[in-house]
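# Structure assessment
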Amino acid sequence: AVVSTQSTGEKEKLSKMSLEEKEVYLRIKEENRIIELQKRREAKLREREEERERQREEKLIQIALERIIVDDLTIEDSTPLPPYIPVELPEEMKEQASFQKLALISEAVHCYSQLFVSNDDDTIYTGELISQAVVEGARGHETLSNLMINILQTLVQEKRDKLRIRDLAIPLSTVDLSQFNVGASVLVYLESIEESRSDDEMLPDLITALRTEEFYNLSPDHKFHALGLLCEEVCSSGTFGTMVQENTDRIHRLRRDLQTEAILRNKQRISDKQQRSVSDMLKNRHVDSVERNEESSSKEDEEDEEKNDEGIGSEGEEENRLAEVVRKRREDAKRKKKKKKKKKKK
């Protein structure tokens, strides 16, 4: 086929060629055009295949996500919630504000125990334990001091040299925290955040009380307020943000691993299904070939039997024919003997 659209330069080039050169040139040009069309067709096919593969993977990921994220209303084998356990509070903590602060502290300590509780501390800080320690004064000071030491270690590690004891002019990080100096350490920290929490009306009274009294002699409201401020400071620190980010990354990583595992399982299931279908097809082909061989062998056996029957029939006919010839010869011999006897009598 000759290309109809030709440029002016190409026409001039063709006009200078001989007939054979024109045929070769046009044939090469047509072959190049066909090759180019073939390449474009293959590229489109590749793009379609890649698009189908991408859509299939997205569908598999969506299926995996639907299996992972399930609405609690659609769960069929759900179990009822455990019965509520009433929180026993001391008489001094019947106020709603005190209970709110207790709930905040106990939830923070429970949910983020790696920041609020050291590895050496085996105490389980429940709401009941914290409330009893707050109202028991000196008897509960050991429990509260251990909790505050754990919290202060996280905060001191965060601020380092920024926390300094005014009278001694030394950083708080150089002091070994204990139940005997934990009240003074809390005072140093609260003084460092007094300016940033100027809207806290209770903080100045708390600082004044800590300057004149031991921590265990403070009122329950002052103790709860101090613990609540320390918990809020931990939850707004950079260490807390780093921990949350690490946990978030871990959750995303585990979710990706689950999605990848689901995709691999689906691919393996599809591969197994294809292998089973191929093996079934080969098995059916083998069975068909065996049946055909059996049919052909049975036909051959029948033909052989027929041939044998025909051979047996032909042999019987031959014997009968020979017997008939013998009989005729005997009869001829008898007739000849009778004729001879008659001739002799004559």
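The structure contained in this document is the topic of the report that follows.

Cut-offs and rules
- Residues numbered from 1 in each chain as written.
- Predicted model: local features only at pLDDT ≥ 70, side-chain atom pairs only at ≥ 80, totals over all residues.
- Heavy atoms only, no water.
- Phe/Tyr/Trp six-rings, centres within 6.5 Å; stacked < 30°, edge-to-face > 60°.
- Helix = DSSP H or I, 4+ residues; strand = E, 2+ residues; numbered from the N terminus.
- Axes fitted to C-alpha atoms, helices over the stretch in contact; angles between N-to-C directions.
- Left-handed = near helix turned anticlockwise from the far one by under 90°.
- Contact = heavy atoms within 4.5 Å.
- Nonpolar A, V, L, I, M, F, W, Y, C, P; charged D, E, K, R; others polar.
- Parallel < 35°, antiparallel > 145°, perpendicular 65-115°, else oblique.
- Patch = residues over 30% accessible without salt bridge, like charges linked within 9 Å, V, L, I, M, F, W, Y side chains within 5 Å.
- Areas by Shrake-Rupley, 256 points an atom, 1.4 Å probe, with all protein chains shown as cover.
- Salt bridge = Lys/Arg side-chain N within 4 Å of Asp/Glu carboxyl O.
- Lys, Arg positive; Asp, Glu negative; His and termini not counted.
- Charge placed at Lys NZ, Arg CZ, Asp CG, Glu CD.
- Buried < 20%, exposed > 50% of the residue type's maximum accessible area, 1.4 Å probe, protein only.
- Core = buried A, V, L, I, M, F, W, Y, C linked by side-chain atoms within 4.5 Å.

The next subject is the packing of aromatic side chains. For the structure shown, the criterion picks out one aromatic pair. When the centroid spacing of 4.8 Å and the interplanar angle of 80 degrees are considered together, the rings of Tyr-112 and Phe-240 count as edge-to-face. Linking Tyr-112 in the loop between helix H3 (96-111) and helix H4 (113-116) with Phe-240 in helix H10 (residues 238-345), this pair joins segments that are 128 residues apart in sequence.

Attention now goes to the packing of helix H7 (residues 182-192) against helix H8 (residues 203-212). Running from N to C, H7 and H8 cross one another at 145 degrees; their axes reach a closest spacing of 10 Å. Of the two elements, H7 crosses H8, and the hand of that crossing is left-handed. In this structure, H7 contributes Gly-183, Val-186, Leu-187, Leu-190 and Glu-191 to the contact, and H8 contributes Leu-203, Leu-206, Ile-207, Leu-210 and Arg-211. Class assignment of the residues belonging to the contact of H7 with H8 gives a composition of seven nonpolar, one polar and two charged.

What follows concerns the packing of helix H5 (residues 127-135) against helix H9 (residues 220-235). Orientation of H5 relative to H9, taken along the N-to-C sense of each, is 130 degrees, at an axis distance of 9 Å. Looking at the two axes, H5 sits oblique to H9. When you trace H5 past H9, the crossing you get is right-handed. Counting all contacts with H5, which are made through Ser-131, Ala-133, Val-134 and Val-135, the residues of H9 involved are Pro-220, Lys-223 and Phe-224. Per-class residue counts for the contact of H5 with H9 are five nonpolar, one polar and one charged.

Taken together, Arg-330, Lys-334, Lys-336, Lys-337, Lys-338, Lys-339, Lys-340, Lys-341 and Lys-342 make up a surface patch of like positive charges. Topologically, Lys-338 is positioned in helix H10. With a relative accessible area of 57%, Lys-338 lands in the exposed category.

Core analysis: the largest hydrophobic core is formed by 41 residues, its most contacted members being Phe-116 and Leu-190. For this core, the secondary structure elements donating two or more residues are H3, H4, H5, helix H6 (141-159), H7, H8, H9 and H10. If we ignore the near neighbours within four places in the chain, the residues touching Leu-190 are Leu-203, Leu-206, Ile-207, Leu-210 and Leu-229.

On to the pattern of salt bridges, then. Inspection of every chain in the model, using the stated rule, returns nine salt bridges. One salt bridge in this structure joins Arg-54 and Glu-51, with 2.3 Å as the shortest N-O distance. Placement of both Arg-54 and Glu-51 in helix H2 (residues 19-68) is noted, with a separation of three residues, approximately one turn of the helix. Given a relative accessible area of 38%, Arg-54 falls into the partly exposed group. Among the ionic pairs, Glu-53 bridges to Arg-56, the shortest N-O distance being 2.9 Å.

In short, shape yes, function no, at least from these values alone.
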